[in-house]
Amino acid sequence: MKNAEIHETAAAPRFRKERGSRLIRQIARRYDLYLMLLLPIAWYLLFHYGPLYGLQIAFKNFNPGKGILGSSWVGFENFQRFFDSYYFWRLLWNTLSINLFSLIIAFPIPILLALLINEIRSKSYSKLLQNITYIPHFISVVVIVGILTVLLSTNGPINMLIQALGGSEIRFMESAGWFKTIFIGSNIWQNMGWQSIIYIAALSGINPQLYEAAKMDGASRMRRIWHVSLPGIVPVIVILLILDIGQFMNIGFEKILLMQNNLNLEASDVISTFVYTTGILKGEYSYTAAIGLFNSLINLTLLLLVNRFARKTSETSLW
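Residues numbered from 1 in each chain as written. Predicted model: local features only at pLDDT ≥ 70, side-chain atom pairs only at ≥ 80, totals over all residues. Heavy atoms only, no water.

A. Focus on the overall build of the chain. Across its full length, the chain carries 17 helices and 2 strands. Against the globule reference of 20 Å for 319 residues, the chain gives a C-alpha radius of gyration of 26 Å, more extended than a compact globule. Taking the principal axes of the C-alpha coordinates as reference, the chain spans close to 95 × 75 × 40 Å. Counting only contacts in the chain whose residues sit at least 6 apart along the sequence, the fraction spanning at least 24 positions is 65%. For the chain, the exposed surface amounts to about 20,600 Å²; the carbon and sulfur share of it is 66%. Of note, the chain has its 27 positive side-chain charges centred 9 Å away from the centre of its 17 negative side-chain charges. (Helix = DSSP H or I, 4+ residues; strand = E, 2+ residues; numbered from the N terminus. Rg over C-alpha atoms; globule rule 2.2 N^0.38 Å. Contact = heavy atoms within 4.5 Å. Areas by Shrake-Rupley, 256 points an atom, 1.4 Å probe, with all protein chains shown as cover. Lys, Arg positive; Asp, Glu negative; His and termini not counted. Charge placed at Lys NZ, Arg CZ, Asp CG, Glu CD.)

B. Fine view of helix α17 (residues 285–313). Spanning 29 residues, α17 covers 42 Å between terminal C-alpha atoms, matching the ideal 42 Å at 1.5 Å per step. Phi for E315, located one or two positions after α17, is positive at around 60°. (Expected span 1.5 Å × (residues − 1).)

C. Representation of the nonpolar core in the model. Ranked by size, the top nonpolar core spans 20 residues in total, and within it F107, I111, L115, Y199, L203, I233 and I237 carry the most contacts. Within the residue set of this core, elements represented by two or more residues are α6 (108–119), α11 (197–204), α12 (208–216) and α13 (221–246). The biggest single contributor to this core is α13, with 6 residues. With near-sequence residues (within four places) excluded, I111 lies in contact with Y199, L230, I233 and I237. (Core = buried A, V, L, I, M, F, W, Y, C linked by side-chain atoms within 4.5 Å. Buried < 20%, exposed > 50% of the residue type's maximum accessible area, 1.4 Å probe, protein only.)

D. Structural view of the environment of I182. By the secondary structure assignment, I182 is in helix α10 (residues 176–195). Look at I182 and you get buried, because its relative accessible area is 10%. It is 34 Å that separates the C-alpha atoms of I182 and Q80, two residues lying 102 residues apart in sequence.

E. Fine view of the pattern of salt bridges. Under the criterion given, the structure shown has 5 salt bridges. The salt bridge partner of R90 is D269, with a shortest N-O separation of 2.8 Å. Separated by 179 residues along the polypeptide, R90 in helix α5 (residues 88–106) and D269 in the loop between α15 (265–268) and α16 (271–281) bring together distant segments of the chain. The exposure class of R90 is partly exposed, given its relative accessible area of 31%. Residues joined in a network through salt bridges with shared partners are E119, R121 and R221. (Salt bridge = Lys/Arg side-chain N within 4 Å of Asp/Glu carboxyl O.)

F. Summary view of helix α4 (residues 77–84). Among the residues of α4, N78, F79 and F82 are the ones counted as buried. In an axial view of α4, the angular spread of the buried residues amounts to 100°, which keeps them on one side of the axis. Within α4, the exposed residues directed more than 90 degrees away from the buried face are E77 and D84. Contacts made by the buried residues of α4 are with β1 (60–63), α5 and α17. (Arc of directions from axis to C-beta.)

G. Seen up close, the confidence of the model for the chain. Residues at a pLDDT of 70 or more form 94% of the chain, whose mean pLDDT is 87. When mean pLDDT is compared element by element in the chain, α4 scores highest at 93, while helix α1 (residues 2–29) scores lowest at 64. In the predicted structure, residues 4–8 sits below a pLDDT of 50 and forms 0 contacts with residues beyond four places in sequence or in another chain. (pLDDT = per-residue confidence, 0-100.)

H. Representation of the packing of α6 against α11 in the model. Two elements in contact, α6 and α11, have axes whose closest approach is 8 Å; the angle formed by their N-to-C orientations is 45°. Relative to α11, the element α6 is oriented oblique. Of the two elements, α6 crosses α11, and the hand of that crossing is right-handed. Taken together, the residues of α11 that come into contact with α6 (itself represented by P110, I111, A114, L115, I117 and N118) are Y199, I200 and L203. Taken together, the residues that form the contact of α6 with α11 break down as 8 nonpolar, 1 polar and no charged. (Axes fitted to C-alpha atoms, helices over the stretch in contact; angles between N-to-C directions. Parallel < 35°, antiparallel > 145°, perpendicular 65-115°, else oblique. Left-handed = near helix turned anticlockwise from the far one by under 90°. Nonpolar A, V, L, I, M, F, W, Y, C, P; charged D, E, K, R; others polar.)

If you want it as structure tokens, here you go:
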């Protein structure tokens, strides 16, 4: 037993050396491909990992004149201040509710759209439908909010139609009760076509013989969708769901900020807009850095939990 252990210990450095030599030879053979990786790696290091150095200001009373290292430590004081604030639960609820409703309502729609496009036998009609649903994705957020403002204003076409039918005007853009409906609904319209692309690609990779076999067994079109199409894209659905939940606390900051006003602030004030108004406009960098770190930790926790759950239940996960 001891001799075997001695042999394994002596062989370990040689094995590592041989593995390192094979890796070097592989890189030398494919050096052009590895060179192509340098730019994205540098981009991630510079813009994603480099700024992590500044996270320490969340635990300091940051003074721009003294710099990051010269500022005094305050521990978890900034976090405690945020948790004790009167707006903490409002910000947390608005952020969670918008994302939760978006996940429940908006996530399945691109899947349904992809299934619809896949079932259209006419290529011209399917291409037309794809183009119609893709176009809104390329419209600027500023233009989208401008369109919403014109359509939903008190003298806009929507209110004119409501009044023509005997109703009274509704202040859509100034109402806190309508904010989430308008925001999520416009997001669905703008992004469903673009998000359906990956599902359409996954559907095109399903073996056509499976559809033929199901058809010969007498399966209806709905049965073929349920038993062939959906199982074929389940791994893609799971991966995209994990990625979406990993960004659960992040919302379209620019669009919310453009739609936000004093009258709908109760429903539109989320963590990202609060960080902007308090941190950038008011200069409370340490305080908002702590809020941003708290937001990111929630995202990380959800990502780890959902990925682990998906790996155990569906054997599909990011890692």
